[in-house]
Amino acid sequence: MGEARDGVKVKRVVFVTVGTCFDALVKVADCQEVKDELYRRGYTDLLIQMGRGSYLPAKSTGDDGSLAVDYFTFSSSIADHLRSASLVISHVGSGSIFETLQLGKPLIVVVNEDLMDNHQSELAEELAERKHLYCSRPLTLHQTIASMDLNSLVPYTPGDATPVAKLINRFLGFPEES
Amino acid sequence: MEKNSSCCFSNLSSNLPITCLITFITIFLHRVLNVIYRTGKPLGKRVSPQRPLSTLIVLGSGGHTAEMINLLLVLRKERFTPRFYIAAATDNMSLQKARVLENSLADSSETKGLSAEFMQIYRSREVGQSYVTSVWTTLVAMAHALWLMIKIRPQVVLCNGPGTCIPLCVIAFFIKVIGIRRSSIFYVESIARVKRLSLSGLLLYKLRIADQFFVQWPQLQRKYPRAHYVGCLM
């Protein structure tokens, strides 16, 4: 769990993605409480996609026996970062949520309480109820990390657009696909 | 209709403009009710060989475009062509993603010629914009939508939630009323809507503008019985 094995440290990356802007999440991901909790749970690196936010995390190499921290603002595709992550902490964007779930990565979504119409929390709560991910608020993130049991998460079966296509084709009078 | 006119005729024959106005309004209302009545009624079986249907695809920022692309991947391209992609003027990513999709289609099939066009429309309302100024910007968006729709006259409209689709769907409905083109409007509510419809969805459902209304979570189907529950697209 992050210890040296034959001299090679096994990297376990936590990838935090906030979408366009979500300072509260960047701040809390960078706070000592959360970083200590992540380190305790065996993670070695913290990579934060911070968007247009004004809060800049403190970079760290992690040589002093703590979490290595790095960040960037945007990238054209976060797919590679998701693929190499051992844990993903994300804002409630349906794009990042489903990309992460389809890759089978453990996911904590953090609801942005500053947003006016918080319909997005509906999706987070529904998926959390179905045990596909953990749902949290910025202030309770460290508790979620401390108490999470990733083995209890249920894998997400990717969706399918064929039922819609079938109904559309039938409505327009196109013959059924074989 | 005839009885209506002859009843009023003796009283209003001296006032022709009013007669014309009342007749016009009556015809218009009749057309609106007729279109609403026919909304949702499937078209008849297409005669073989099936001619393709020109299709308008409305893209939106965030997950909207990703969901739309997921749907487009399972539709047979030769049935829905030519394809017109529309995104809001301030949305740069969506048209780019659509171009990537079209390029991959061009590579895999032998179809030649331009089967896809990409355009932008003024936004009715930016996120966080005040509702007062939104009235004016919505009118501008409507005018722009009218211009685009008259140019394209699509037979199929696919949309899934962004505010951009409202002016376009309303104009499509208006075009049906006038009788220029009968289009089929399909609306897929976003996967992020679990318990409540978006404003776009609510408008298109309540006003019966969408021919078929799809929802991705069972809770919404229970609340809105005319919607079709199709499960998650992502």
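Notes on the structure follow. All residue numbers here refer to positions counted from 1 along the written sequence of the relevant chain. All chains are assigned letters beginning with A, and all ligands numbers beginning with 1, in the order in which they are written. Local features in this predicted model are restricted to residues of pLDDT 70 or higher, and side-chain atom pairs are both shown and tallied only at a pLDDT of 80 or more, whereas totals for entire chains, interfaces and linings draw on every residue. Side-chain metrics rest on all non-hydrogen atoms present in the structure, leaving aside hydrogens and water.

**Points about the overall build of chain A**
Then, in step 1: Secondary structure summary: chain A contains 7 helices and 8 strands in total.
Then, in step 2: Whether a residue is buried, partly exposed or exposed follows from its accessible area with a 1.4 Å probe, protein chains only, as a fraction of its type maximum: under 20%, in between, or over 50%, in that order. For chain A, with 178 residues in total, the buried portion stands at 50%.
Then, in step 3: Carbon and sulfur atoms provide 51% of the accessible area of chain A, an area that totals close to 8800 Å².
Then, in step 4: Here chain A contributes 17 positive and 24 negative side-chain charges, whose respective centroids are spaced 3 Å apart. Each helix is a run of H or I in the DSSP string that is no shorter than four residues. Each strand is a run of E no shorter than two, and both are numbered from the N terminus. Each accessible area is a Shrake-Rupley result for a 1.4 Å probe, and residues are judged covered by the shown protein chains and nothing else. When charges are tallied, Lys and Arg are placed among the positive residues and Asp and Glu among the negative ones, while His and the ends of the chain are skipped. Charge positions come from single atoms, namely NZ of Lys, CZ of Arg, CG of Asp or CD of Glu.

**Structural notes on the overall build of chain B**
Then, in step 1: The helix and strand tally for chain B stands at 8 helices and 7 strands.
Then, in step 2: A total of 234 residues make up chain B; the buried ones form 45% of that total.
Then, in step 3: In chain B, of all internal contacts separated by at least 6 residues, the share reaching a separation of at least 24 is 70%.
Then, in step 4: With an accessible surface of roughly 12400 Å², chain B has 63% of that area assigned to carbon and sulfur atoms. In what follows, residue pairs with any heavy atoms lying within 4.5 Å of each other are defined as contacts.

**What to know about the side chain of Ser134(B)**
Residue and element names in this part refer to chain B.
Then, in step 1: With respect to the secondary-structure elements, serine 134 resides in helix 5 (residues 131–152).
Then, in step 2: Under the relative-accessibility criterion, serine 134 is labelled buried at 5%.
Then, in step 3: Look past the residues within four positions of serine 134 in its chain and what remains in contact with it is Ser124, Arg125 and Gln129.

**Points about the sheet that holds strand 3 (residues 13–17) of chain A**
Residues and elements named next belong to chain A.
Then, in step 1: The 6 strands lie next to each other as 5-4-3-6-7-8, forming an open sheet whose pairing is parallel. Every other strand in the sheet has two partners, leaving strand 5 (68–72) and strand 8 (134–136) as the edge strands with one partner each. Along the sheet, successive strands turn relative to each other by an average axial angle of 20°, direction set aside.
Then, in step 2: By this definition, two strands are paired if DSSP reports at least two bridges between them. As paired elements, strand 4 (residues 45–49) and strand 5 share 5 bridges and run parallel to each other. Counted as the bridge partner of aspartate 45 is alanine 68 from strand 5. Axes here refer to lines fitted to C-alpha atoms; in helices the fit is confined to the stretch in contact. Angles between the N-to-C directions go from 0 to 180 degrees.

**Re the nonpolar core**
Then, in step 1: We call a set of buried Ala, Val, Leu, Ile, Met, Phe, Trp, Tyr and Cys residues a nonpolar core when their side-chain atoms join them within 4.5 Å. Core analysis: the biggest nonpolar cluster contains 35 residues, and Leu56(B), Leu168(B), Cys169(B), Leu204(B) and Phe213(B) have the highest contact counts within it.
Then, in step 2: Here this core takes 9 residues from helix 6 (residues 165–178) of chain B, the largest share from any one element.
Then, in step 3: Within the second largest apolar cluster, 31 residues are counted, among which are Leu172(A), Leu71(B), Val230(B) and Leu233(B).

**Overview of the interface of chain B and chain A**
Then, in step 1: Tallying the contact residues gives 41 residues for chain B and 29 residues for chain A.
Then, in step 2: Here's the idea: put two parts together, see how much 1.4 Å probe accessible area each one loses, and the total over both is what we call buried area. Buried surface at the junction of chain B and chain A, summed over both partners, amounts to about 3100 Å²; 65% is from carbon and sulfur atoms.
Then, in step 3: Of all residues in chain B, Arg79(B), Trp217(B) and Met234(B) bury the most surface against chain A, accounting for 19% of the area lost on that side.
Then, in step 4: Counted as salt bridges are all cases of a side-chain nitrogen of Lys or Arg within 4 Å of a carboxyl oxygen of Asp or Glu. At the boundary of chain B with chain A, the tally comes to 1 salt bridge.
Then, in step 5: Among the salt bridges present, the one from Glu122(A) reaches Arg196(B), with a minimum N-O distance of 3.1 Å.

**Comments concerning the packing of aromatic side chains**
Then, in step 1: To pair, rings of Phe, Tyr and Trp, with the six-membered ring standing in for Trp, must have centres within 6.5 Å; the planes then decide the type, stacked if under 30 degrees apart, edge-to-face if over 60, and tilted in the middle. Under the definition given, this model contains 10 aromatic pairs over all chains.
Then, in step 2: Between Phe171(A) and Phe186(B), the ring centres sit 5.5 Å apart and the planes meet at 85°, which makes this aromatic pair edge-to-face. Of the two residues, Phe171(A) sits in helix 7 (residues 162–172) while Phe186(B) sits in strand 5 (residues 184–188), which places them in two different chains. Across the pair, Phe186(B) and Phe171(A) agree in class, each one buried.

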